[in-house]
Amino acid sequence: MAYLIRSKCDGVAVVGMEIGIPYSGCALSWKGNWSQVWLKENLHRIPTVLLLKNRTEFVAFGVDAEDKYAMFKEMGTHTDYLLFKRFARILYKDKVHIR
């Protein structure tokens, strides 16, 4: 039996992200059907790469960030951009202990 899931969200969609070390993942659900979570195969293996312009402006994430930075570097305009790779550990205050 199907049942309606009520949400407190007024937005069109809800997006969840997991920032991992080599890869990040994401999933989304649309307002019309909150109970169905959309997860495309290639979306759960996104490289954890962030591209910023002028230190504060978001440009791209994942493969798109790598591709755009490579293009800017080829054009010689990459000095206005910062590319961060595998930055998940610096998001945590505590030390990460590996056993």
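Residues numbered from 1 in each chain as written. Predicted model: local features only at pLDDT ≥ 70, side-chain atom pairs only at ≥ 80, totals over all residues. Heavy atoms only, no water.

S.K.: Break down the packing of aromatic side chains for me, citing the residues and quoting the values.
M.R.: Scanning all chains against the criterion turns up one aromatic pair. Relative to Tyr 81, the ring of Phe 72 lies with its centre 4.1 Å away and its plane at 10°, an arrangement referred to as stacked. Each member of the pair, Phe 72 as well as Tyr 81, carries the same accessibility label: buried. (Phe/Tyr/Trp six-rings, centres within 6.5 Å; stacked < 30°, edge-to-face > 60°. Buried < 20%, exposed > 50% of the residue type's maximum accessible area, 1.4 Å probe, protein only.)

S.K.: Explain the pattern of salt bridges residue by residue, including any values.
M.R.: All chains considered together, the criterion is met by one salt bridge. Residue Asp 64 pairs with Lys 68 through a salt bridge whose shortest N-O separation is 3.7 Å. Note that Asp 64 and Lys 68 are positioned in helix α1 (residues 63-75) at a spacing of four residues, about one turn of the helix. Classification of Lys 68 by relative accessible area gives partly exposed; the value is 29%. (Salt bridge = Lys/Arg side-chain N within 4 Å of Asp/Glu carboxyl O. Helix = DSSP H or I, 4+ residues; strand = E, 2+ residues; numbered from the N terminus.)

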